[in-house]
Amino acid sequence: DLVLTLGIVLLVLSLPSLLSAWVDGRPPRVGAIMCIAGIGMILGALMTKPGGYAFTDVPAVMFAVVTRAFN
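Residues numbered from 1 in each chain as written. Predicted model: local features only at pLDDT ≥ 70, side-chain atom pairs only at ≥ 80, totals over all residues. Heavy atoms only, no water.

1. Describing the overall build of the chain
Looking only at helices and strands, the chain features three helices and zero strands. Along the chain direction, N to C, the helices and strands of the chain fall in the order α-α-α. Here the C-alpha radius of gyration of the chain, 14 Å, is well above what a compact globule of 71 residues would show, namely 11 Å. For the chain, the spread of C-alpha atoms along the three principal axes comes to 40 × 25 × 20 Å. The contacts of the chain with a sequence gap of at least 6 include a subset with a gap of at least 24, amounting to 65%. (Helix = DSSP H or I, 4+ residues; strand = E, 2+ residues; numbered from the N terminus. Rg over C-alpha atoms; globule rule 2.2 N^0.38 Å. Contact = heavy atoms within 4.5 Å.)

Okay, here's the thing in structure tokens:
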């Protein structure tokens, strides 16, 4: 669950970096690396969990990870 949550957060955080590099006309190296790492973490989490994740389960999984981190 933690790997899925971190992958989603990393993927979302890569978007501003990608857009900033595109607007400034420079190669999006850091954003691309973050995007690839996030996708890899999401795919790894999907392949290692028995039964996988349903799309509707993702918010509950992310909420459970956040609540575990703060308890």
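2. So, the packing of helix 1 (residues 2-24) against helix 2 (residues 29-48)
Relative orientation of the contacting elements helix 1 and helix 2 amounts to 160°, with a least axis distance of 8 Å. On the basis of the axis angle, helix 1 is roughly antiparallel to helix 2. Here helix 1 and helix 2 pass one another in a crossing that is left-handed. Counting all contacts with helix 1, which are made through Val-3, Leu-4, Leu-6, Gly-7, Ile-8, Leu-10, Leu-11, Leu-13, Ser-14, Ser-17 and Leu-18, the residues of helix 2 involved are Val-30, Gly-31, Ala-32, Met-34, Cys-35, Ala-37, Gly-38, Ile-39, Met-41, Ile-42 and Ala-45. Taken together, the residues of the contact of helix 1 with helix 2 sort by class into 17 nonpolar, five polar and no charged. (Axes fitted to C-alpha atoms, helices over the stretch in contact; angles between N-to-C directions. Parallel < 35°, antiparallel > 145°, perpendicular 65-115°, else oblique. Left-handed = near helix turned anticlockwise from the far one by under 90°. Nonpolar A, V, L, I, M, F, W, Y, C, P; charged D, E, K, R; others polar.)

3. Some points on the pattern of salt bridges
Here the structure, examined in full by the defined rule, presents two salt bridges. Of the charged contacts in the structure, one is a salt bridge between Asp-1 and Arg-68, with a shortest N-O distance of 4.0 Å. In this pair, Asp-1 sits in the segment before helix 1 while Arg-68 sits in helix 3 (residues 58-70), placing the two residues 67 residues apart along the sequence. With a shortest N-O distance of 3.5 Å, Arg-26 and Asp-24 are connected by a salt bridge. Looking at Arg-26, the relative accessible area reads 43%, which means it is partly exposed. For Asp-24, a relative accessible area of 53% translates into the label exposed. (Salt bridge = Lys/Arg side-chain N within 4 Å of Asp/Glu carboxyl O. Buried < 20%, exposed > 50% of the residue type's maximum accessible area, 1.4 Å probe, protein only.)

4. Here we look at helix 1
The terminal C-alpha atoms of helix 1 lie 34 Å apart, and with 23 residues this matches the ideal 33 Å at 1.5 Å per residue to within 8%. All buried positions along helix 1 are accounted for by Leu-4, Thr-5, Gly-7, Ser-14 and Ala-21. At the C-terminal side of helix 1, Gly-25 shows a positive phi close to 75°. (Expected span 1.5 Å × (residues − 1).)

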